[in-house]
Each structure stands twice: as structure tokens, then as C-alpha cells.
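Breakdown of the fold
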Amino acid sequence: MTTKIEGGPPAKPVEASVVSESQSRAGAPREAAISTPPVDSLRLTGEAVGLKAMARDLATPSKLDMARIKEIRSAIDSGSYQINPQDIANRLLALERELLQ
């Protein structure tokens, strides 16, 4: 990573001398190597990709059926709304099966 300092010359790559102990003692010519920054990478698992897709789907607003909402509200207000506990239990079990897959 290079930090720019205002008013100075542009930054140059850092050079590191690569010399073994025996070469430096023997007076052998030194080799210069330019250091390069490491490259970051990321690999997502299939589960992570699925979670990202689910988060994207949940972030978008869903379409509401306003006619159906008004129908249910009026049925609740009039006391005619019927609750079917067996249907609720079946839907909960189906959701649980789907989540376990």
C-alpha cells in the first residue's frame, strides 16, 4: 500500500536486497528484488452465496395484495374471520422441512 504525501516526489517501489550470509561475506554481487504487495482473494461457499441471494431478496420490498389485506381486516372487524389451526400447523411444518434442506 502506498501513501501519498502532498508536496513530495511520487513514491517509488520498495527494493529489498536479497543476499545470503555466505554471499555477503564472500563479496558476491547483490541481487535486488522488488517487493510486490500480496493479492487478497475471497472464495464464498455455496451456503454463503445462497445467504447473499436471500439477503438480496429480503432487501427488496414485496408486492402487497391490498385487496386481500382489506378483506381480512374487514372479516376480523366483523368477527367472521375463521382461524384454521390445522392449516397453520401444516404450513409451519412445511417451512421447517424447507429450512432443514
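To start, this report covers the structure provided alongside it. (Residues numbered from 1 in each chain as written. Predicted model: local features only at pLDDT ≥ 70, side-chain atom pairs only at ≥ 80, totals over all residues. Heavy atoms only, no water.)

**What about a nonpolar patch on the surface?**
Together, Ile76, Tyr81, Ile83, Ile88, Leu92, Leu95 and Leu99 give the surface a local cluster of nonpolar side chains, amounting to about 730 Å² of exposed area. Ranked by residue count, the leading element in the nonpolar patch is helix 4 (residues 85-100), at four residues. In this fold, Tyr81 is placed in the loop between helix 3 (66-78) and helix 4. (Patch = residues over 30% accessible without salt bridge, like charges linked within 9 Å, V, L, I, M, F, W, Y side chains within 5 Å. Areas by Shrake-Rupley, 256 points an atom, 1.4 Å probe, with all protein chains shown as cover. Salt bridge = Lys/Arg side-chain N within 4 Å of Asp/Glu carboxyl O. Helix = DSSP H or I, 4+ residues; strand = E, 2+ residues; numbered from the N terminus.)

**Structural notes on the pattern of salt bridges**
Within the structure shown, the criterion is met by two salt bridges. Linking Arg91 and Asp87 is a salt bridge whose minimum nitrogen-to-oxygen distance equals 3.4 Å. Of this pair, Arg91 and Asp87 both sit in helix 4, separated by four residues, roughly a single helical turn.

**Here we look at helix 2 (residues 46-59)**
Spanning 14 residues, helix 2 covers 20 Å between terminal C-alpha atoms, matching the ideal 20 Å at 1.5 Å per step. Among the 14 residues in helix 2, zero count as buried, and that is only a small part of the element. (Expected span 1.5 Å × (residues − 1). Buried < 20%, exposed > 50% of the residue type's maximum accessible area, 1.4 Å probe, protein only.)

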